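# Coordinate analysis (summary)
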Amino acid sequence: MSEASTEQLLTACREKTLGILGGGQLGRMFVQAAQAMGFQTVVLCADQNEPAAQISDAVMCASYLDHKALAQLAACCLCVTTEFENVPADSLAFLADPARHVRVTPSAQAVRIAQDRTLEKAHIKASGIPTAPYRVMDSQAALEQALAGEHRLADDFYPAILKTSRMGYDGKGQITVQNAAQLAAAWAQLAHVSCVLERRLPLAAECSVLLARQVEPSGQERVICWPVQHNVHVDGILATTHVAQQGTALQPLLDQALTEAAQTIARTLNYEGVLCVEFFILTDGSWVVNEIAPRPHNSGHVTMDGSTLSQFEAQVRVAAGLPLAMPRQHSSVVMVNLLGDVWFDRAQSQQPREPDWARVLALGTAQVGVHLHLYGKHEARRGRKMGHINITATTQEQAWQTAQSIQQLLQ
Ligand code: ADP
Ligand code: MG
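Now for a look at the structure at hand. On a predicted model such as this, the values are computed, not experimentally measured, just so you know.

Criteria and thresholds
Residues numbered from 1 in each chain as written. Chains lettered and ligands numbered in written order. Predicted model: local features only at pLDDT ≥ 70, side-chain atom pairs only at ≥ 80, totals over all residues. Heavy atoms only, no water. Helix = DSSP H or I, 4+ residues; strand = E, 2+ residues; numbered from the N terminus. Rg over C-alpha atoms; globule rule 2.2 N^0.38 Å. Buried < 20%, exposed > 50% of the residue type's maximum accessible area, 1.4 Å probe, protein only. Contact = heavy atoms within 4.5 Å. Donors = N, O, S within 2.8 Å, 3.2 Å for Na, K, Ca; no water. Near = heavy atom within 4 Å. Polar contact = N/O pair within 3.5 Å; in protein donor to acceptor, adjacent residues only side chain to side chain. Areas by Shrake-Rupley, 256 points an atom, 1.4 Å probe, with all protein chains shown as cover. Pairing = 2+ DSSP bridges. Axes fitted to C-alpha atoms, helices over the stretch in contact; angles between N-to-C directions. Parallel < 35°, antiparallel > 145°, perpendicular 65-115°, else oblique. Left-handed = near helix turned anticlockwise from the far one by under 90°.

## Examining the overall build of the chain
The secondary structure content of the chain amounts to 14 helices and 18 strands. Against the globule reference of 22 Å for 411 residues, the chain gives a C-alpha radius of gyration of 22 Å, in line with a compact fold. Principal-axis analysis of the C-alpha atoms gives the chain an extent of 65 × 55 × 50 Å. Taken over 411 residues, the chain has a buried fraction of 52%. Sequence separation of at least 24 residues holds for 63% of the intrachain contacts in the chain that already meet a minimum separation of 6.

Right under this line is the structure:
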C-alpha cells in the first residue's frame, strides 16, 4: 500500500482503525480478526514482508522507538495493542499520554513487568502465587553470594537453569547448570547480563491459562477465561497443545486453582487485554507459575477453532472497547505447531519444500475437523514457527488419533 493511500485511509475513520506494534504471526491473526469485525488495521513493524504487514490495511515501517512514527500511529487509531513481549515499554507509555486520546492495551507497566523475568517473578510472588525457587543473578556480588558464605545456594538447588531476564523466547537465552562449579562459566556465556537462576523442577505436565480482561471507565472489571490448556514442549519450543471439550476436564479442582491464580495475576497487574499464564505441574501434584505473556499465546491458538471466542477476537474486543462474553469450548482440540523442520525431508535436508497439505486436509471427516493456519513466512528454517493445525473433535481421543496421523505424514 502506498504512503498516500495509507494516509487517506487512515485519516478517514479513526474510530474504525486499530493499531498494532509488531508484524509477526500473532499480529497477522489479530489483523484477520479485526478485519472480520469491520475494522481496518495499521501495523507498525520493521519490514513490509512480515506476516501481519502482508495483510494489514496499512503498514508503517519504522523503529518501535521512533516517536514521530508512534505519534502518527496514535493519531490515526482508536487503540494500539501489541503482539510481542519485547515491545519497548517506554513506547507504550509514550502512546498512552492522555493528550493522544488513544487506548493502549496492555499497559506499559504490565508489559514492563512481563518482559523482565526478575520483575515478573517478583510480581508473581508478591501476588501470593508460587514460582520455582530462584535467585536473581545480576552482579558479581550476587554470583559470589550464590557460591559462598551464608547465602550460598545449597547443593540440592542444582541442577538449575540460568535464564536471561530479558529477550528470551522459545528456550533461547537459557543454560542448564548442573552444579555450583558451572555457574560462573554459564553466566559468562550469557555475557553477564541480568539473569535469574531457577531450580530445575521435576515436571509432570505443563499447562497454560488464557484470559482476557477489560476495565470499564467506571472501574468495573470484566474477566473471561478459557479452559486450561495442556502443552507439550520439545527442545524448549511448544510442539502441541490440547484442550478438552467443556465439562470433560480430568482434574477440575486443579483447573480451578490455576484459573484463579491466573486471574489474580491479571488483577494485580490491573491488566487489560489478552494474557496467558504458563504453569508447571510438578510430579508431587503441586504447581508453580512459570511465566506470563502479555499478549495472545501460541497455546491459545486452540481457541481459533474449538471455542466460541478466539483469543484474537478477544484482543480486538478489548482494544475496541466491545463486550466480552465468557467463551465455551465446544470441541476438544489438539493443536500441532508447524515448525520449519517439516519443510525439510529427512533424507535430503538441504532444500526446503512445501509439505503436502492436500494429504493433511484429506484426513478431515464429518467428525474430525482439520484446520490449517499458515503465517505467510517466505523462508522455512528449522525451529521457525511457520503455522499450526487445529484438529477438532467431540473427544480428545479422536482428535489425538488424527493429530498423530498428521504428524506421521509430515515427518
Ligand atoms: P521461554 O520464555 O523461552 O518460553 P521458559 O522459561 O518458558 O522460556 O522455558 C521454556 C521451557 O523449558 C518450559 O516450557 C519448560 O519445558 C522448560 N523449563 C523452563 N524452566 C524450567 C524449570 N525451572 N524446570 C523444568 N523445566 C523448565
Ligand atoms: Mg515459556
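After presenting the structure, the write-up continues.
## Focus on the coordination of the magnesium ion (ligand 2)
The coordination sphere of the magnesium ion (ligand 2) contains the protein donors E278 (OE) and E291 (OE), at a distance range of 1.9 to 2.5 Å. Of this pair, E278 sits in strand β14 (residues 273–282) while E291 sits in strand β15 (residues 287–293); the two residues are 13 residues apart in sequence, bridging distant segments of the chain. Residue E291 is classed as buried on the basis of its relative accessible area, which comes to 18%.

## Examining the site of ligand 1
Near ligand 1, the surroundings consist of 19 residues, among which K163, G171, E198, E206 and N290 are the closest. At 3.4 Å, a side-chain N or O of E278 approaches an oxygen atom of ligand 1. Burial of ligand 1 by the protein amounts to 88% of the accessible area it has alone, namely 540 Å². Broken down by secondary-structure element, the contributors of at least two residues to the shell around ligand 1 are β7 (160–164), β9 (195–199), β10 (203–215), β14 and β15.

## Considering unusual backbone geometry
Residue T105 is joined to P106 through a cis peptide bond whose omega torsion reads 0 degrees. Along the chain, P106 turns up in the loop between β5 (103–104) and α6 (108–114). Y158 connects to P159 through a cis peptide bond whose omega is 0 degrees. Residue placement: P159 occurs in the loop between α8 (140–147) and β7. The phi angle at D235 is positive, at roughly 55 degrees, despite the residue not being glycine.

## As for the pairing of strand β11 (residues 221–225)
Of the strand pairs in this sheet, β10 and β11 are connected by five bridges, and their pairing is antiparallel. When the bridges of β11 are listed, R213 appears paired with V223. Between β10 and β11, which pair antiparallel in sequence order, lie five residues; one of them, G219, sits at a positive phi of approximately 95 degrees.

## A look at the sheet that holds strand β3 (residues 58–61)
The strand order across the open sheet built from five strands is β3-β2-β1-β4-β5, with neighbouring strands paired in parallel fashion. One side of each edge strand has no neighbouring strand; the edge strands of this open sheet are β3 and β5. Relative to strand β4 (residues 79–82), strand β1 (residues 17–21) is paired through four bridges, and the arrangement is parallel. Looking at the pairing, L18 lines up with C79 of β4.

## What to know about the packing of α8 against helix α9 (residues 180–189)
In a packed pair of helices, the relevant descriptors are the angle between the two axes and the axis-to-axis distance. Running from N to C, α8 and α9 point in directions that differ by 165 degrees, and their axes come no closer than 10 Å. Judged by the inter-axis angle, α8 sits roughly antiparallel to α9. The handedness of the crossing between α8 and α9 comes out as right-handed. Facing α8, whose interface residues are Q140, L143, A146 and L147, α9 presents A180, L183, A184 and W187.

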